[in-house]
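Coordinate analysis (summary)
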Amino acid sequence: MTKKRGALLAGVTAVVIAAALIGWTMWRVGVDVEPTVESGYYDQFLFAQGTDLPALMMEATLDRYRVSPAGGESQGNAAVYDGAVLAPHLPNCAEMGEVRLDSREYIDIFYTPLAPEVCTQVQLTWDGGQTIRVAVTREDRDVLYGDVADPAFAAESDPAALAELAFSDAGGWADRGAYAALDPAALFTGELSARAAELDPACDDPLSSDLAFVLTDGEGMPPEEAAVLLLEELLEYYGQWREDCDFRIDAYAVGEQELLDRAALEAMAEGRQFWGLYQLRQEYPLLGEDMWCLTPEVQAAWTGYIYQPEGETRQPGELVDLSPMAPGADAVWVLIYDGEQYWLQRSEALVQLLSEE
């Protein structure tokens, strides 16, 4: 061996030893010297290239994959799903764990990796169409974190396909599938009607009421007209003092109501990516035939106390818009027609009524 070749081998050996030492230091120091994204270390834990992540996440969070949280209670009100549908798309997955969709609208995916052997768990955080973070837990309980989001990344998915998945999953909507099998005629007679009459009227404000209002002579009446009449009945009901109520409606105005049917919800879903569809499903029920949902547009003046958003004031006798006082899914009401009669009730209260045994 010449001196020149001997020097070359010595140099290669030194590089290998240095690389091994750096790798060992990364493992030992953990947080202080983390693997960088550029090192490619985290790539081995990611989804396979070419995976349509928005469509895959939509499928993974369908209601049929939902499971009870470990220990019976979810963390931070997270919805928990069986992650088995994701396993084929994770090349380094030895055993799939759960999927958590939390209240911040991130999705956390847990699994046990095949390699390296010293790694006991991988947590991927998904948001905005891509994996944004990897957390790798080792046998010594040290955790290595890597932010892997690409600022230039643009999620590519077929919105029509996502919407089709969303509408095929009745249980994933705000009504949790309660309306899918509902026979409208069942509301107006029998046990459901009797139980509805016993509901607590509540007294935070009229639009938080659990009460159902029924129009018995509605045959042939347009649903928009029926909605106005029933909302007037709602406000008339609260135009009397009751011991358990902190307010009395003195005057009101009910304007034209915007009713959404199933076709309108489908139109709202057009072009939305994962999070837009997720929010739509959290706010609205999945409507059946002869069902509409609405956020009541009503104004009222009252004596007593009704909660108002901070900073808003009113003068005595002034008509005030009540709609903003119950934001989100709590504000959605549903109108149901059986061919002769109309039923109007806050959707959340009706779902509870239909879910009781």
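Whatever comes next refers back to the structure up there.
The paragraphs below set out a description of the structure included in this document. (Residues numbered from 1 in each chain as written. Predicted model: local features only at pLDDT ≥ 70, side-chain atom pairs only at ≥ 80, totals over all residues. Heavy atoms only, no water.)

Looking only at helices and strands, the protein features nine helices and 13 strands. Counting over 357 residues, the protein shows a buried share of 41%. Considering only contacts within the protein whose residues lie at least 6 apart along the sequence, 60% involve residues at least 24 apart. Carbon and sulfur atoms make up 50% of the accessible area of the protein, which totals about 18700 Å². (Helix = DSSP H or I, 4+ residues; strand = E, 2+ residues; numbered from the N terminus. Buried < 20%, exposed > 50% of the residue type's maximum accessible area, 1.4 Å probe, protein only. Contact = heavy atoms within 4.5 Å. Areas by Shrake-Rupley, 256 points an atom, 1.4 Å probe, with all protein chains shown as cover.)

A word on the layout of surface pockets. Empty space within the second largest pocket amounts to approximately 250 Å³. Along the walls of the second largest pocket sit 17 residues, with Arg66, Ala79, Arg176, Tyr278 and Gln282 positioned nearest its centre. Only β1 (79-82) and α8 (274-283) provide two or more residues apiece to the lining of the second largest pocket. If you tally residues by element for the lining of the second largest pocket, the top one is α8, at three residues. (1 Å grid on protein atoms, 1.4 Å probe; cavity = no way out; pocket = protein on both sides within 12 Å on 5 of 7 lines; lining within 4 Å. Points joined across faces, edges and corners; volume = space filled by probe spheres on them.)

Another point: the packing of aromatic side chains. Under the defined criterion, the tally for this structure stands at 13 aromatic pairs. On the basis of an interplanar angle of 80 degrees and a centroid distance of 5.2 Å, the ring pair of Tyr41 and Tyr42 is categorised as edge-to-face. On the basis of relative accessible area, Tyr41 is assigned to the buried category, the value being 12%. Between Phe274 and Trp275 the ring centres are 4.7 Å apart and the planes differ by 85 degrees, which places this aromatic pair in the edge-to-face class. Residue classification places Phe274 among the buried positions, given a relative accessible area of 3%. (Phe/Tyr/Trp six-rings, centres within 6.5 Å; stacked < 30°, edge-to-face > 60°.)

For a regular strand, the rule is simple: side chains alternate between the two faces of the sheet. Alignment of strand β3 (residues 107-113) against strand β4 (residues 119-127), held across five bridges, turns out to be antiparallel. Paired with Ile109 across the two strands is Leu124, which belongs to β4. Sheet analysis places β4 next to strand β5 (residues 130-138), joined by eight bridges and oriented antiparallel. Its bridge partner being in β5, Asp127 is matched across the sheet by Gln130. Counting the residues that bridge the hairpin from β4 to β5 gives two residues, and of these Gly128 lies at a positive phi of roughly 65 degrees. (Pairing = 2+ DSSP bridges.)

The next point concerns helix α3 (residues 159-167). Within α3, the full set of buried residues consists of Leu162, Ala163, Ala166 and Phe167. Down the axis of α3, the buried side of the element spans an arc of 130 degrees, and every buried residue falls inside it. Residues Ala160 and Glu164 are exposed on α3 and point more than 90 degrees away from its buried face. On its buried face, α3 is in contact with α2 (53-60), α7 (262-269) and α8. For α3, the side-chain oxygen to backbone nitrogen distance between the N-cap and Ala160 is 3.0 Å, and the N-cap itself is Asp158. (Arc of directions from axis to C-beta. Polar contact = N/O pair within 3.5 Å; in protein donor to acceptor, adjacent residues only side chain to side chain.)

Quick look at the pattern of salt bridges now. With the rule as written, the count across this model stands at 13 salt bridges. Taking the shortest distance from any N to any O, the salt bridge between Arg195 and Glu191 comes out at 2.6 Å. You can see Arg195 and its partner Glu191 sitting in helix α5 (residues 190-196), four residues apart, about one turn around the helix. Residue class for Arg195 comes out buried when judged on its relative accessible area of 17%. The class for Glu191 is exposed, based on a relative accessible area of 52%. For Asp210, the salt bridge identified is with Arg346, shortest N-O distance 2.4 Å. In this pair, Asp210 is assigned in the loop between α5 and β7 (212-215) and Arg346 in strand β13 (residues 342-346), connecting sequence segments 136 residues apart. Of the residues examined, Arg346 reaches a relative accessible area of 7% and is grouped as buried. (Salt bridge = Lys/Arg side-chain N within 4 Å of Asp/Glu carboxyl O.)

Bringing the packing of α2 against α3 into the picture now. Interaxial distance between α2 and α3 falls to 10 Å at its minimum, and their mutual angle equals 0 degrees. Considering the angle they form, α2 stands roughly parallel to α3. Packed against α2, whose contacting residues are Pro54, Ala55, Met58 and Glu59, the element α3 presents Leu162, Leu165 and Ala166 at the interface. For the contact of α2 with α3, the class distribution of residues is six nonpolar, no polar and one charged. (Axes fitted to C-alpha atoms, helices over the stretch in contact; angles between N-to-C directions. Parallel < 35°, antiparallel > 145°, perpendicular 65-115°, else oblique. Nonpolar A, V, L, I, M, F, W, Y, C, P; charged D, E, K, R; others polar.)

In short, the description is geometric, and any link to function would need to be established separately.
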